[in-house]
Amino acid sequence: MQINIDQTRWYDRIWASFIFFTRLPFWRLHQPAQECYKTVVEHWPLTGWLTGGLMAATLWVGSMYLPYAVAVLLAIVVRLLVTGALHEDGLADFLDGFGGGGSDRDRILTIMKDSHIGTYGVIGLILYHLLLAATLLSMTPTMAALTILAASPYARMVTAQLIMMMPYARREEDAKAKTVYRKMDWRASVSLAIQGLLPMGLYLWYTGLPWELVIFLPCIVMYFLYLLIWNKLRGYTGDCCGAVCLLVELAVCLVVCAL
């Protein structure tokens, strides 16, 4: 029997988000209804609290006992393990599709769905991780850890706007996860904003960094990526969301690094 999304319980939707966006065995503890997976983006920043928290803790604690560069690399490895490289896979597919697909919408979508990684994806992942590691190394361990804690939920909150700004680019049956996210109502939007802005607000208050730059420059990055996606596909895909999430998060780190 199919359940209406509005009939599902709020904590089932949160469970679905953690199961969907991480590789931790939450599914062993509870199995929410399949309909809950259409709402996972609404609690995406909460998973950023978890993955960002584990990454930040690894970096901060590791820096006490290991060379700082080793601690940074271990932190990145921990996030890859916890998320199953879900967003990194999206970034690689995004770069392959937009790099090799030209202006042909169908070709871009076909390349993005191909499980093989291409030249653009390989080079993009290498450069992304080099930039991420370099920006974190430019900060003190405490500052780097706090930046991760703030940037992870914030990037997910900003990226979630894609599903409100454009339709899904494929048919639902052609989706990789076999699920298309629903449009958020005002309550879900408020909840999403709180999840993403609360850590960022505390971070800016504690560090004293200019909030205008830290908040808005990554949003500009997201907007230009939105324009690129809209012009090429006239809609988003899961790979687009994963790629935008990582690039917005990297933009936060770059802004902090520059400041």
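Position numbers for residues count from 1 along each chain, tracking the sequence in the order it is written. In keeping with the model being predicted, local features are shown solely for residues with a pLDDT of at least 70 and side-chain atom pairs are shown and tallied solely at 80 or more, while totals for entire chains, interfaces and linings include all residues. Water and hydrogen atoms were dropped before computing side-chain values, which therefore reflect all heavy atoms in the structure.

K.L.:
What exactly am I supposed to notice about the overall build of the chain here?
P.N.:
Helix and strand definitions follow DSSP, with helices as H or I runs of at least four residues and strands as E runs of at least two, each counted in order from the N terminus. Assigned secondary structure in the chain consists of eleven helices and zero strands. Going from the N terminus to the C terminus, the chain shows its helices and strands as α-α-α-α-α-α-α-α-α-α-α. Atoms counted for the radius of gyration: C-alpha only. Globule rule: 2.2 Å times the number of residues to the power 0.38. Taken over the C-alpha trace, the chain has a radius of gyration of 18 Å; the compact-globule value for 259 residues is 18 Å, and the two agree within 12%. For the chain, the spread of C-alpha atoms along the three principal axes comes to 50 × 45 × 35 Å. A 1.4 Å probe rolled over the protein chains alone gives each residue an accessible area, and that area as a share of the maximum for its type sets the label: buried under 20%, exposed over 50%, partly exposed in between. Evaluated residue by residue, the chain yields a buried proportion of 49% over its 259 residues. Contacts were defined at the residue level, with two residues in contact if any of their heavy atoms lie within 4.5 Å. For the chain, contacts bridging at least 24 residues in sequence account for 76% of all contacts bridging at least 6. Under the convention used here, a 1.4 Å probe and the Shrake-Rupley method define accessible areas, while residue burial counts only the protein chains that appear. With an accessible surface of roughly 12,400 Å², the chain has 67% of that area assigned to carbon and sulfur atoms. Averaging the positions of the 19 positive and the 18 negative side-chain charges in the chain gives two centres separated by 2 Å. Asp and Glu are treated as the negative residues and Lys and Arg as the positive ones, with His and the ends of the chain left uncounted. Just so you know, the charge point we use is NZ for Lys, CZ for Arg, CG for Asp and CD for Glu.

K.L.:
Any chance you could explain the pattern of salt bridges here in plain terms?
P.N.:
Working definition: two side chains of opposite charge can pair if their charged atoms are close together. For salt bridges, the criterion is a side-chain nitrogen of Lys or Arg within 4 Å of an Asp or Glu carboxyl oxygen. Considering all chains together, one arrives at seven salt bridges under this definition. When the shortest N-O distance is used, the salt bridge between Glu249 and Arg79 registers 2.5 Å. Within this pair, whereas Glu249 is found in helix α11 (residues 238-258), its partner Arg79 is found in helix α3 (residues 68-83), the two being separated by 170 residues in sequence. Judged by relative accessible area, which is 3%, Glu249 ranks as buried. Residues Arg105 and Asp106 are paired through a salt bridge, measuring 3.9 Å at the closest nitrogen-oxygen approach. A relative accessible area of 53% places Asp106 in the exposed class. One continuous salt-bridge network, built from bridges that share partners, spans Arg79, Glu88, Arg156 and Glu249.

K.L.:
Just to check I follow, could you spell out empty space enclosed by the protein for this structure?
P.N.:
Note on definitions: the grid is 1 Å and covers protein atoms alone; a cavity is a set of points where a 1.4 Å probe fits but cannot get out; a pocket is an open set with protein on both sides within 12 Å along at least five of seven lines; lining residues have an atom within 4 Å of a point. Grid points are joined across faces, edges and corners, and a volume is the space filled by probe spheres set on the points. In the structure shown here, the tally under the stated rule is one cavity of 30 Å³ or more. Its boundaries defined by the atoms lining it, the largest cavity holds a volume of some 40 Å³. Every residue along the wall of the largest cavity is listed here: Met55, Arg79, Leu132, Ile148, Ala151, Ser152, Glu249 and Cys253. Counting residues per element, the ones that place at least two in the lining of the largest cavity are α7 (141-159) and α11. Considering every element that reaches the lining of the largest cavity, the biggest residue donor is α7, with three residues. Under this grouping Gly is polar, as are all residues other than the nonpolar Ala, Val, Leu, Ile, Met, Phe, Trp, Tyr, Cys and Pro and the charged Asp, Glu, Lys and Arg. Here the residues of the lining of the largest cavity sort into five nonpolar, one polar and two charged.

K.L.:
Explain the nonpolar core here, please?
P.N.:
In globular proteins that are soluble, nonpolar side chains generally tend to be buried together. Of all hydrophobic cores here, the largest spans 76 residues; its most connected members are Met200, Ile229 and Leu233. In terms of residues, this core owes the most to one element, α11, which gives twelve residues. Non-local contacts of Ile229, meaning those with residues more than four positions away in its chain, are made with Phe94, Phe98, Leu162, Met166, Arg234, Gly235, Tyr236, Cys240 and Val244. Definition of nonpolar core: a set of buried residues of the types Ala, Val, Leu, Ile, Met, Phe, Trp, Tyr and Cys, connected through side-chain atoms within 4.5 Å.

K.L.:
What is the right way to look at helix α10 (residues 211-233) in this model?
P.N.:
Working note: α-helix, 3.6 residues per turn, so residues spaced by three or four point in the same direction. Residue count minus one, scaled by 1.5 Å, sets the expected span of a helix. When the terminal C-alpha atoms of α10 are compared, their 33 Å separation across 23 residues agrees well with the 33 Å that a helix rising 1.5 Å per residue should span. Along α10, the positions that sit buried rather than exposed are Val214, Ile215, Pro218, Met222, Leu225, Tyr226, Ile229 and Leu233. Contacts made by the buried residues of α10 are with α4 (86-100), α5 (105-113), α7, α8 (162-165), α9 (186-207) and α11. In the stretch just after α10, Arg234 is the one whose phi turns positive, near 60 degrees.

K.L.:
Explain unusual backbone geometry here, please?
P.N.:
Residues apart from glycine generally show negative phi values, whereas peptide bonds are mostly found in trans. Although it is not a glycine, Ala85 sits at a positive phi angle of roughly 55 degrees. By secondary structure assignment, the location of Ala85 is in the loop between α3 and α4. You can call Ala85 partly exposed: its relative accessible area is 25%. Even without glycine at this site, Arg234 takes up a positive phi of about 60 degrees. Of the residues examined, Arg234 reaches a relative accessible area of 45% and is grouped as partly exposed.

K.L.:
Any chance you could explain the environment of Ile111 here in plain terms?
P.N.:
Residue placement: Ile111 occurs in helix α5. Spatially, the C-alpha atom of Ile111 lies 39 Å from that of Gly62, the residues being 49 residues apart in sequence. Ignoring any residue separated from it by four or fewer positions in sequence, one finds Ile111 in contact with Asp96, Gly97, Gly100 and Gly101.

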